[in-house]
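Descriptive structure summary
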Amino acid sequence: MSTKRREKALVKSIQAGLLRDPDRFKKSVWGSIKAFFTLHRIKLLRHEMHLFEGLRRDVWQFDEDQYQASFRTTGGQPPLKMMGDLGYSGSTFISTLDGHYVIKSLPRHFEYTFFESDLLEPYYDFMRHHPDSVLVWITDYILSPYTTLGTICGCTPAHHIIMENILCGKAEDPNGDKWETYDLKPINYFYPERDLFPEAMVSEDTLSRLADTFNDKLRLWRKDADKFLQTIEADTQFLQEANAVDYSLFLVRIPASSKPAVFGRKSPWREGIASADGKWKYRVVILDFFWAKHKLHAQALSGVVQTFNVVGQKGPMSITTTAEEYRGNFLKMVREMIEVH
């Protein structure tokens, strides 16, 4: 099957999964047998549907009809489009046609098991009590209820998170080409995903997107800076308690004259905080907090890179550090970015 046909099958599986009622689904032996021999058009279901509905409705104040409309076919136009492989992890990214949401696959076992078993309920509780958190807003989670040849062979991912798109409104903005994006991590870390086997694992184009450098300052009024740091400290404390490392700060810098729309709760860092010099608006979100130190794969790879570090003298590494140390370096990075007015 060609790449385009595989992508089309995946998009249809995701769309069907987001519109299917999991309460009406019942596993069966015959269903398991049929599903096992499926390579690409696998069946997906929404996981913990009512939990995510509660977040969307009660915490983030999304209009549910509007949310569902983002995943429905209208006028014969498919509602989802492939964005390609944008990460070294092998994740695929899909956007809704209206640009409101992004779907990211979690192909690595240690990532989706950490999210399902360790992080999901604490995330739900934390977001309920911190509605203006800058942790990415995960609005749904879909997975395959069956084992399939497609997932065993690794050609079709079976676990996907749906996230709000921090770039929502860019396509409609006349100044959309002036938006700037930065994916930021503490720069003093050696990244084994990039430096151990770069040619074998990922393309040069993907490597260039692993981490950015923001050679400027977030110019904020004192009240905005204080509130921002309080939010970041609370969010990263939550991640530290979950034993998560390697997360990043995704910064969007928007021309001050732009007025992109947002949906649901008017959280400050979703709408865009005005810079103190009047030139920009800033949007911020914390992404990629699915690497937990206690998961087996992370522990095994930590051993590999620790050995490599002895030979290569590469310095501290994002996956061999502790969650506490990573948080400390992350907060240091954020504080050094801010210029208070």
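Going by the structure above, here's the rest.
Residues numbered from 1 in each chain as written. Predicted model: local features only at pLDDT ≥ 70, side-chain atom pairs only at ≥ 80, totals over all residues. Heavy atoms only, no water.

**Observations concerning the side chain of Arg 219**
Here Arg 219 is to be found in strand S8 (residues 218-220). Looking at Arg 219, its side chain comes within polar contact range of the side chain of Glu 339, at 3.4 Å. In contact with Arg 219, not counting residues within four places along its chain, are Ser 275, Ala 276, Asp 277, Tyr 282, Glu 339 and His 341. (Helix = DSSP H or I, 4+ residues; strand = E, 2+ residues; numbered from the N terminus. Polar contact = N/O pair within 3.5 Å; in protein donor to acceptor, adjacent residues only side chain to side chain. Contact = heavy atoms within 4.5 Å.)

**Topic: the pattern of salt bridges**
Under the defined criterion, the tally for this structure stands at 18 salt bridges. Linking Arg 57 and Asp 58 is a salt bridge whose minimum nitrogen-to-oxygen distance equals 3.0 Å. The exposed category is assigned to Asp 58, whose relative accessible area is 52%. (Salt bridge = Lys/Arg side-chain N within 4 Å of Asp/Glu carboxyl O. Buried < 20%, exposed > 50% of the residue type's maximum accessible area, 1.4 Å probe, protein only.)

**Looking at the packing of helix H5 (residues 109-129) against helix H10 (residues 222-241)**
At a minimum axis distance of 11 Å, the contact between H5 and H10 shows a crossing angle of 155°. Between H5 and H10, the angle falls in the class roughly antiparallel. Here H5 and H10 pass one another in a crossing that is right-handed. Judged by residue contacts, Leu 119, Pro 122, Tyr 123 and Phe 126 of H5 engage Ala 234, Asp 235 and Phe 238 from H10. Looking at side-chain class alone, the contact of H5 with H10 contains six nonpolar, no polar and one charged residues. (Axes fitted to C-alpha atoms, helices over the stretch in contact; angles between N-to-C directions. Parallel < 35°, antiparallel > 145°, perpendicular 65-115°, else oblique. Left-handed = near helix turned anticlockwise from the far one by under 90°. Nonpolar A, V, L, I, M, F, W, Y, C, P; charged D, E, K, R; others polar.)

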